Amino acid sequence: QVQLIESGGGLVQAGGSLRLSCAASGRTSSYVRMGWFRQAPGKEREFVATMYRRGGGAGYADSVKGRFTISRDDAKNTVTLQMNSLKPEDTAVYYCAADDQSIGQYNYWGQGTQVTVSS
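Tell me about the sheet that holds strand β3 (residues 18–24), and please be specific about residues and values.
A sheet is described by the order of its strands in space; here four strands give the open sequence β1-β3-β8-β7, paired in antiparallel fashion. Each of the sheet's edge strands pairs with one partner strand only, and the pair in question is β1 (4–7) and β7 (68–73). This sheet shows a mean twist of 15 degrees between the axes of neighbouring strands, independent of strand direction. Where β7 meets strand β8 (residues 78–83), six bridges bridge the pair, whose relative direction is antiparallel. Note that in β8 the partner of Ile-70 across the bridge is Leu-81.

Give a detailed account of the nonpolar core, specifying residues and quantitative values.
Of all hydrophobic cores here, the largest spans 27 residues; its most connected members are Trp-36, Val-48, Phe-68, Leu-81, Met-83 and Tyr-94. For this core, the elements supplying multiple residues, two or more each, are β3, β4 (33–39), β5 (46–52), β7, β8, β9 (92–99) and β11 (113–118). Setting aside chain neighbours within four positions, we find Val-48 in contact with Trp-36, Phe-37, Arg-38, Gly-59, Tyr-60, Ala-61, Val-64, Phe-68, Leu-81 and Tyr-94.

Each value, and the rule that gives it
Residues numbered from 1 in each chain as written. Predicted model: local features only at pLDDT ≥ 70, side-chain atom pairs only at ≥ 80, totals over all residues. Heavy atoms only, no water. Pairing = 2+ DSSP bridges. Helix = DSSP H or I, 4+ residues; strand = E, 2+ residues; numbered from the N terminus. Axes fitted to C-alpha atoms, helices over the stretch in contact; angles between N-to-C directions. Core = buried A, V, L, I, M, F, W, Y, C linked by side-chain atoms within 4.5 Å. Buried < 20%, exposed > 50% of the residue type's maximum accessible area, 1.4 Å probe, protein only. Contact = heavy atoms within 4.5 Å.

Quick look at the structure:
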């Protein structure tokens, strides 16, 4: 069974940085895309960033463009999210996700890690 385990969340002041990591139990090279989503209290889960395998490129939500960077290391079976210039509105539980292309959408999810940005 595939497991995705996030780490790196925490409390940071506005303007600060955090680096989230996601370790996969299987080979990440088998996932056509891996991504990050977030869910703030009282809000629906939203897309943050995604990265395709084998140099297929990355995509970001407009709200994080220029501040967040996603990367994946298929040799280490990890995907990371570098978050800079954090804002209070970035406060949320962040989830790692993977898509093995079996159902055409992200079908594996981590348990989430809390990110809190204080003003």
